[in-house]
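# Descriptive analysis of the structure
Okay, here's what each chain looks like letter by letter:
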Amino acid sequence: SELRPSPTAAAPAPAPTTTTGPAMALRAARLLRFAEASSGVQNRLLVSLCSPGEAVMVNKPVDSVTVPGTEGTFTVTNNHSLIVSQLKAGVITVRDGQESKDYFISDGFLFFNHPTDGSGCCTAKISAVELVPTSALDKDRASQVLSELMAAPKDNDWDRARAQLGAALIQQVIKAAE
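Residues numbered from 1 in each chain as written. Predicted model: local features only at pLDDT ≥ 70, side-chain atom pairs only at ≥ 80, totals over all residues. Heavy atoms only, no water.

## Focus: the overall build of the protein
Helices and strands together make up the secondary structure of the protein, namely three helices and 10 strands. When the helices and strands of the protein are listed from N to C terminus, the series reads α-β-β-β-β-β-β-β-β-β-β-α-α. The buried share of the protein, taken over its 178 residues, is 32%. In the protein, 52% of the contacts between residues at least 6 apart in sequence involve partners at least 24 apart. (Helix = DSSP H or I, 4+ residues; strand = E, 2+ residues; numbered from the N terminus. Buried < 20%, exposed > 50% of the residue type's maximum accessible area, 1.4 Å probe, protein only. Contact = heavy atoms within 4.5 Å.)

## Notes on the pattern of salt bridges
On inspection of all chains with the given rule, the structure shows four salt bridges. The network of salt bridges with common partners includes R44, D63 and D96. (Salt bridge = Lys/Arg side-chain N within 4 Å of Asp/Glu carboxyl O.)

## Section: helix α3 (residues 157–177)
Taking 1.5 Å per residue, 21 residues should reach 30 Å; α3 reaches 30 Å between its end C-alpha atoms and fits that length. Taken together, the buried residues of α3 touch β6 (90–96), β7 (99–105) and α2 (139–151). Between a side-chain oxygen at the N-terminus of α3 and the backbone nitrogen of W158 the separation is 3.1 Å; the capping residue is N156. (Expected span 1.5 Å × (residues − 1). Polar contact = N/O pair within 3.5 Å; in protein donor to acceptor, adjacent residues only side chain to side chain.)

## Looking at the state of the cysteines
Applying the stated criterion across every chain yields a total of zero disulfides. Distance from the sulfur of C121, which forms no disulfide, to the nearest cysteine sulfur (C122) is 7.9 Å. (Disulfide = S-S within 2.5 Å.)

## Topic: the side chain of T134
Here T134 shows up in the loop between β10 (131–133) and α2. Looking at T134, the relative accessible area reads 18%, which means it is buried. In this view, T134 contacts V91, D102, Y103, F104 and A176; residues no more than four positions away in its chain are not counted.

## Re the confidence of the model for the protein
On average, the protein scores 83 in pLDDT, and the residues at 70 or more come to 78%. The low-confidence segment residues 13–17 (pLDDT under 50) makes zero contacts with residues lying over four places distant or belonging to another chain. (pLDDT = per-residue confidence, 0-100.)

## Concerning the environment of V129
Within the secondary structure, V129 sits in the loop between β9 (122–128) and β10. Owing to a relative accessible area of 46%, V129 belongs among the partly exposed residues under this scheme. Sequence separation between V129 and P52 is 77 residues; the distance between their C-alpha atoms is 6.7 Å. Not counting residues within four places of it along the chain, the set of residues in contact with V129 comprises S51, P52, S106 and D107.

## Examining the nonpolar core
Residues L45, L49, V65, I92 and I126 are the most contacted members of the largest nonpolar core, which totals 20 residues. When contributions to this core are tallied by element, the ones reaching two or more residues are β1 (45–50), β2 (55–62), β3 (64–69), β6, β7, β8 (108–113) and β9. At four residues, the largest contribution of residues to this core is made by β9. Setting aside anything within four residues of it in sequence, one finds I126 in contact with S48, L49, C50, V65, V67, L87, I92, I105, F109 and L110. Among the nonpolar cores identified, the runner-up in size contains 12 residues, and L146, L149, I170 and A176 belong to it. (Core = buried A, V, L, I, M, F, W, Y, C linked by side-chain atoms within 4.5 Å.)

Here it is as structure tokens:
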């Protein structure tokens, strides 16, 4: 008698799909950036700055990061106490030695954790809705948008709320662009 697979036997697993082209190149670049940033680093703060559209930094070893918390601006360094903080519109400053870089954040969260390995490196992960270098901000264009927003009709609650929230955000952009 012949052996035949039973009708209830599981079908063979489909062959794994592979990603090619730009998506694969992007993944490879991210992995290389991560590997470079975290290999052999000891007792440093590892900062990640991410928005839905891009990862600006992934576990970059730095001295400190200053963020605009909802209760005020504060700085974290390696071995800071554990913290999760909501961030408001403002400037994030990442410092490493004498070098510093500034980024504008519309809002987001900071997650600070102690090391899970023996490296002594704490992590500060910043998840932002919008995140751009302050050097890319255009103060004149932001002022123009603010003028247009304030001149627009405010006939209902939605229009008034939009104008109020938009004005607050644009004023922070103008301040960051100075």
